[in-house]
Amino acid sequence: MKLSALHLLCVFIAMLLQSTAGAQNYWYVDDDAPGDPGPGTKLFSDPLENGTSAHPFDEIQEAISNPNTAAFDTILVRPGTYYENIDYQGKAITVRSDADGEHTTVDLNPCGTIIDGSAPSNPTLASCVRFLTGEGPLSILKGLTLRNGSGVAINTNQHVGGGVYCGPNTAPKIQNNYILTNSASFQGGGVGLNKALFPLIENNMIAGNSAGGYTISGQYGGGGMAIMESYPTVRFNLIVGNSAGPGGYPEGAGVLVRSTHGSGNMPILTNNTISGNVVSNGYGSGVSTMECSATIKCCIIWNNIGSYFETSWWGPMPAYEYCDVAWPLAGMHPGVANIKCDPLFVNPVVPALPCGGGDFRLQVMSCCAAAAPAGWPVLYIGALPVQLTASTIAPSAGPSCNATQIVISGTGFTLGASDIAVTVGGRQCGSVQVLTTTQLQCVVPAAEPRVTDGALDVVISDPGQSAVLSDAWRYTPNLDVEGIWAPGQVIGIRATGVPGSGFLIFAAAGLIPGNGVVFHNGCATEPSCIHFLLAPPVYPVFFIPEGLTISGSLPASWPAGVGIWFQGIEVPVSGCAGQLSNADT
């Protein structure tokens, strides 16, 4: 590809991205919708099927091929297993999973929304998903599991891209997918890019895929991904447990980057974790490049298995920068600021979270936790951050009627993060601020004055992970009164806490001096009433002057969960200064 053509293409894409989108439609796909007489099969469909939420399509391809599906539309795929091999047909559309059935929220469910490519109608077009017709960056695949595809045949017995195939002059976005257990006889068991332009491969788990069967030495591989004469950006992907071989001399069990006799190839690979991949009697068990230039930055290439090095190159050496590479020779991997140390994954088992039990996040002591260069978007190198944990909270209690600022200690807090969230008992905390990578502060909101939740869980959520402090927070209960009453009416005060130890304070204002006040347990008639006084004198009926503050402890004999009642006149009372709250009486 000549530079002038490349320049023109960049201008065209920039113009396309700057264009104003037309009206967007949402189309729904569900293989077992309530009105479908044949759940899980396309042989029997809802007679009213039209792609709406009430009458969704049976198949993803049906939604794509629908003549009314136009540029900028979104296809929402509800949970299920779809035995398909879909083709975007050149359309600038988004296909994504949809967990909640609402197009207004992006609630992905890749574990439960599966495209299974094991039964292709045409074995030469057997990728789970294929882009063949000049699709650009407005063609987006997001949040699905792709499994058991076997690729597009580019020549006899040469299949490429078992999970995803991007053909010549395509540039889609492949994001947040789980690309698992696919295969290709030639290259790219998980993802195959064949003369593609500028696709974006981002935030995917590419695991358990294989490339093998084509036995000409040095010509096949890329169990996880094969990049052939293409210019992708590949970032924040977990590429683990893939394989290349057996037979011949396969290359790049994790990633193969290949050009043809210097025709050019400049992929950019950043913040990927490439681990546990296996090449049989070949080169570059992690990454192999052939006759091309590539930038490989802030990646972890560790514990890949093969007969030779974890990285290999024929022709120009890629620009390895700020990577953690298991380099078997003395010193560090050639390049800029590379390191060589165990990244300390939490649990490096395939498949990984959330669909499996493995966990390739970093432990807090990992050498990769803060190894990125200054000014890099994240502190860490590799695909996944330091494991988010929470250990302590201070203070651990506060009044239910007032907001309280707390400080949480843990690990994996991201400095400058704007999307970290904290909830206490399901109530959203405000003013969340990350102080350091091990401390954050936020404001616990006021609760209902009669809150009786007891010990509450504190949940810290960062995109992709969360941590829980169980039973870590308690609201300090307060008294609560409803309204202003005429003489003789009964009004209720709800006091929560442990009988015998709950210390109660309230202020009574507007009382007419000389009126009597009786405290009891809400009984209808004597003698079931339990009387008590919060202050002397010790008899059930007494007189209080205007503005008196009454304080004391619940008696140990007080029934748990029972309110405090009193009879009075025009009594606005509050458990917190300046607050008059409502309660059931």
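Quick note: structure is the one above.
Computed from a predicted structure; not experimentally measured.

What counts and what doesn't
- By convention here, each chain's residues receive numbers from 1 onward along its written sequence.
- Totals for whole chains, interfaces and linings use all residues, but because this is a predicted model, local features are given only for residues with pLDDT of at least 70 and pairs of side-chain atoms are given and counted only at 80 or more.
- For the side-chain quantities, the full set of heavy atoms in the structure was used; hydrogens and water were omitted.
- Three exposure classes are used, based on accessible area relative to the maximum for each residue type with a 1.4 Å probe and protein chains only: buried under 20%, partly exposed in between, and exposed over 50%.
- By the criteria applied, helices consist of DSSP H or I runs no shorter than four residues and strands consist of E runs no shorter than two, each listed in order from the N terminus.
- Here, strands pair whenever DSSP counts at least two bridges between them.
- Any pair of cysteine sulfurs within 2.5 Å is marked as a disulfide.

**Student:** Just checking my understanding: could you explain the pairing of strand S44 (residues 456-462) for this structure?
**Tutor:** Moving residue by residue along a regular strand, the side chains alternate between the two faces of the sheet. Going residue by residue along S44, you find Leu456, Val458, Ile460 and Asp462 tucked away on one face and Asp457, Val459 and Ser461 left uncovered on the opposite face. Note that strand S40 (residues 421-424) and S44 share four bridges and pair antiparallel. Bridge pairing links Val422 to Ile460 in S44. Note that S44 and strand S45 (residues 465-476) share six bridges and pair antiparallel. Residue pairing across strands places Asp462 opposite Gln465, the latter belonging to S45. Turn length for the S44-S45 hairpin, with the two strands adjacent in sequence and antiparallel, is two residues, and the turn residue Gly464 shows positive phi of about 90 degrees.

**Student:** Got a minute to help me understand the sheet that holds strand S38 (residues 397-399) in this structure?
**Tutor:** Note: strands within a sheet are paired through backbone hydrogen bonds, in either parallel or antiparallel orientation. Spatially, five strands are ordered S38-S45-S44-S40-S41 in an open sheet, and the strand pairing comes out mixed. Where the open sheet ends on each side, the last strands, each with one partner, are S38 and strand S41 (427-428).

**Student:** Even after reading the chapter, I still don't get the state of the cysteines, so can you show me in this structure?
**Tutor:** Here is the idea: a disulfide is a covalent bond, and it sits between the sulfur atoms of two cysteines. Counted according to the given criterion, the structure contains one disulfide. Two residues, Cys341 and Cys367, share a disulfide whose sulfurs are 1.9 Å apart. Between Cys341 and Cys367, the S-S dihedral sits near 100 degrees, and the bridge is therefore right-handed. One end of the pair, Cys341, is in the loop between strand S34 (324-325) and strand S35 (345-347); the other, Cys367, is in the loop between strand S36 (359-362) and strand S37 (389-394), and 26 residues separate them in sequence. For Cys367, a relative accessible area of 29% gives the class partly exposed.

**Student:** Would you mind showing me how to read unusual backbone geometry here?
**Tutor:** Note: most residues except glycine have negative phi, and most peptide bonds are trans. Cis geometry marks the peptide bond from Ala394 to Pro395, where omega comes out at -10 degrees. Relative to the assigned elements, Pro395 resides in the loop between S37 and S38. Of note in this structure, Lys195 is not a glycine but carries a positive phi near 60 degrees. On the secondary structure map, Lys195 appears in the loop between strand S17 (191-194) and strand S18 (200-202). Of note, Glu291 is a non-glycine position whose phi angle comes to about 55 degrees, a positive value. Here Glu291 shows up in the loop between strand S29 (287-290) and strand S30 (295-297). Classification of Glu291 as partly exposed rests on a relative accessible area of 33%.

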